[in-house]
Amino acid sequence: MRVPPDAWQVGPWNRWAYVHVDEVVPVVAITRGSGPEWELPPGEAELDDLTAEVLDTGCADGLAVVHDGRLVLERYGGEMHESSLHLSQSVGKSVLGLLAGILVGQRRLDPATPVTGHVPEVAGSGYDGATVQHLLDMTAAIDFVEDYADFWRYDLACAWHPPRPGANARTILDFLPTIGPAAWRHGERFHYATPNTDLLGLVAERAGGAPLAELIARELWAPMGAESDALLTVDREGTAAIGGGFCATLRDYARLGALVAVRGRGLVPEGWLAQLGAGDAAAFARATAPEATAGADGYRNQWWRRDERIMARGIHGQLVAVDRRADVVVTVLSSWPDATDPRREAGHRALVTGVCDRLAAC
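For every chain, the first residue of the written sequence is number 1, and numbering continues from 1 along that sequence. In keeping with the predicted nature of the model, local features appear solely for residues at pLDDT of at least 70, side-chain atom pairs appear and are counted solely at 80 or more, and the whole-chain, interface and lining totals rest on all residues. Hydrogens and water are ignored here; the side-chain numbers use all heavy atoms of the structure.

1. With respect to the pattern of salt bridges
Note on definitions: salt bridges are taken to be side-chain nitrogens of Lys or Arg within 4 Å of carboxyl oxygens of Asp or Glu. Enumeration according to the criterion identifies 20 salt bridges in this entry. Among the ionic pairs, Glu82 bridges to Arg251, the shortest N-O distance being 3.0 Å. Here the residue Glu82 occupies a position in the loop between strand S3 (70–76) and strand S4 (86–87), and Arg251 occupies one in helix H10 (residues 250–261), the gap between them amounting to 169 residues. Think of it in three bands: residues with accessible area under 20% of the maximum for their type are buried, residues over 50% are exposed, and the middle band is partly exposed, with areas taken using a 1.4 Å probe on protein chains only. The exposure class of Glu82 is partly exposed, given its relative accessible area of 45%. Between Arg309 and Asp357 there is a salt bridge, and its shortest N-O distance comes to 3.4 Å. Here Arg309, found in strand S9 (residues 309–314), pairs with Asp357, found in helix H13 (residues 342–360); they are 48 residues apart in sequence, far enough to count as distant. Where salt bridges share partners, they join Glu37, Glu74, Glu82, Glu227, Arg251, Asp252 and Arg255 into one cluster. Secondary structure elements are taken from DSSP: a helix is a run of H or I of four residues or more, a strand is a run of E of two residues or more, and numbering for both begins at the N terminus.

Written as C-alpha cells, this is what we have:
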C-alpha cells in the first residue's frame, strides 16, 4: 500500500502504516534471542461489556488484559493480528525507562551525572547543566514545544518525514544541539519533550557500550522472555528514535506491563519500579503545557501515574496501564486519526478503571 511519506502517522493512513512501519521508515531489529519465552497462559474473565466501546469506536488495533499472569482477554482489529509489530509512539519512552533502570542497577549509569558528560555534542545547547534524571523526568529546561501540528522538523531529523526546504537538521544528533535553553531552570517544571528521550537513548548507548537496539535486546527483551523480535526506527545515520519508534506485538507490550506488575522479576530493580510515575509533585503542578498532563497525577523515569496505577502512553491511542495491587495489565494499541482525542482518552481511562475494579474483586 502506498502512503504519503509525510502523513503516514495520521488517519486514514496510520491504520495500515502502524503495523507496517518497516515498509515506511528505516528500522533495526531488537532480537528476542533463543531463550525461553515468558508464558502467558490463557485465562477467563467476563469483560466484553467493558471493552465493547473501545473496540467498536476507538480505532483499536489490539486490546489485551493480563490478570495474575494470565491472558484473560486478547482482541484484534484493523490491520493487526497476533504477529503484527505495532508502533506504540511514546510507549517507547517507557521501554527506555526500564532499560535505564537496569543500567542504573548495574552501576553503568548514574542519573545524577550531567547529560553533557555522556553526549558532549549537546554542550552549549539548552541541555547544558541538565542531568540524566532531568531527561528521565521530563524536567529539562529546553526551548522545544511538543506541538504535533508543527512537529515535522523533528520528524524529519528522525527520518519519519522526507527532506523539505526550511529544515537544516538531517539527523537527531544534528537537531539536539540546536535546542536552546528555556526561561526557567532545570528541574523546576515538567516540560514534556520527545527529544529528551532520544537524547536519553544516546546516553544509554554510551553508558552501556552498544547500540540501543542491541542493549534493549540483551538487557531487557531477551531476558524478559519476549515472544517475538521487536523493531526500532532509526534516523539516517542509525541513531534510534526511541521517543516514538518502538514496535512490538500486543502480547509483548502486555509482558512489559506484567514485568512492572510483578516487580521486575529480578531484571529491573524493584526500587526503580517503585519510583515510576512518582516524580516531583511541585514540578508536575507547574507543567508548561497542563493539557499534556491530563489524565495523570505524576511522571518519573519515563512512566506516568494516575490513581496509583502506572502507565505508558502514546499519541494516537497507545496505552499500557498497570495496576500492581490488582495484578492487572491493560494494553491498548490504536490508530486514532488524530494525535490526541479527549473523548477516546476518556474511554481508555474508563476502560482501565472498569477492568481493574472488576478483576480486583475476583
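2. A short note on the sheet that holds strand S6 (residues 246–248)
Strand pairing within a sheet occurs via backbone hydrogen bonds; the two strands may be parallel or antiparallel. Pairing between two strands is assigned when DSSP locates at least 2 bridges connecting them. Taken in spatial order, the four strands make up an open sheet running S1-S5-S6-S4, and their pairing is antiparallel. With partners counted over all chains shown, the strands left at the sheet margins are strand S1 (27–30) and S4, one partner each. Contacts were defined at the residue level, with two residues in contact if any of their heavy atoms lie within 4.5 Å. For helices, the axis comes from a line fit to the C-alpha atoms of the stretch in contact; other axes are also lines fit to C-alpha atoms, and the angle between any two N-to-C directions lies between 0 and 180 degrees. Packed on one face of the sheet, helix H9 (residues 212–224) meets S1, strand S5 (230–233) and S6 and runs near 20° to S1. Those strands touched by H10 are S4 and S6, and its axis lies near 110° from that of S6.

3. Remarks on H10
When the terminal C-alpha atoms of H10 are compared, their 17 Å separation across twelve residues agrees well with the 16 Å that a helix rising 1.5 Å per residue should span. Where burial is concerned, most of H10 is hidden: twelve out of the twelve residues are buried. Just beyond H10, the residue with positive phi is Arg263, at close to 65°. Here a helix's expected span is defined as the number of its residues, less one, multiplied by 1.5 Å.

4. Focus: the packing of aromatic side chains
Here a ring pair, both rings aromatic, is described through the centre-centre distance and the interplanar angle of the planes. Pairing of aromatic side chains here covers Phe, Tyr and the six-membered ring of Trp, requires ring centres within 6.5 Å, and sorts the geometry by plane angle: under 30 degrees stacked, over 60 edge-to-face, intermediate tilted. Under the definition given, this model contains 15 aromatic pairs. Note on Phe144 and Tyr154: the rings are 5.9 Å apart at their centroids and 75° apart in plane angle, and the pair reads as edge-to-face. One end of the pair, Phe144, is in the loop between helix H5 (132–137) and helix H6 (152–157); the other, Tyr154, is in helix H6, with ten residues separating them in the sequence. In terms of burial, Phe144 and Tyr154 fall into one category: buried. Ring centres 4.8 Å apart and planes at 80° place the aromatic pair Tyr299 and Trp304 in the edge-to-face group. There is no split in this pair, since Tyr299 and Trp304 are both buried. Aromatic ring contacts, followed pair by pair, group Phe190, Tyr192, Phe284, Tyr299 and Trp304 into a single cluster. Positioned above the aromatic ring of Trp38 is the side chain of Arg265, whose terminal nitrogen or guanidinium carbon lies 3.8 Å from the ring centre. In this scheme, the term charge over a ring applies when either NZ of a lysine or CZ of an arginine sits within 6 Å of the ring centre and within 35 degrees of the ring normal.

5. Regarding the packing of helix H8 (residues 194–208) against H9
Interaxial distance between H8 and H9 falls to 9 Å at its minimum, and their mutual angle equals 70°. Judged by the inter-axis angle, H8 sits roughly perpendicular to H9. The two elements H8 and H9 cross, and the hand of that crossing is left-handed. Where H8 abuts H9, its residues Gly201, Ala204, Glu205 and Gly208 lie against Leu212, Leu215 and Arg218. To sort the angles, those under 35 degrees are grouped as roughly parallel, those over 145 as roughly antiparallel, those from 65 to 115 as roughly perpendicular, and the leftovers as oblique. Put simply, a crossing is left-handed when the front helix is turned counterclockwise from the back one by less than a right angle, and right-handed when it is turned clockwise.

6. Considering unusual backbone geometry
Where the residue is not glycine, phi is negative for most of them; where a peptide bond is considered, it is trans in most cases. Of note, the bond from Gly11 into Pro12 is cis; its omega dihedral lies within 30 degrees of zero at 5°. Relative to the assigned elements, Pro12 resides in the segment before helix H1 (14–17). Residue Met138 is not a glycine yet carries a positive backbone phi of 55°. Although it is not a glycine, Asp327 sits at a positive phi angle of roughly 50°. With respect to the element layout, Asp327 can be found in the loop between strand S10 (318–323) and strand S11 (328–334).

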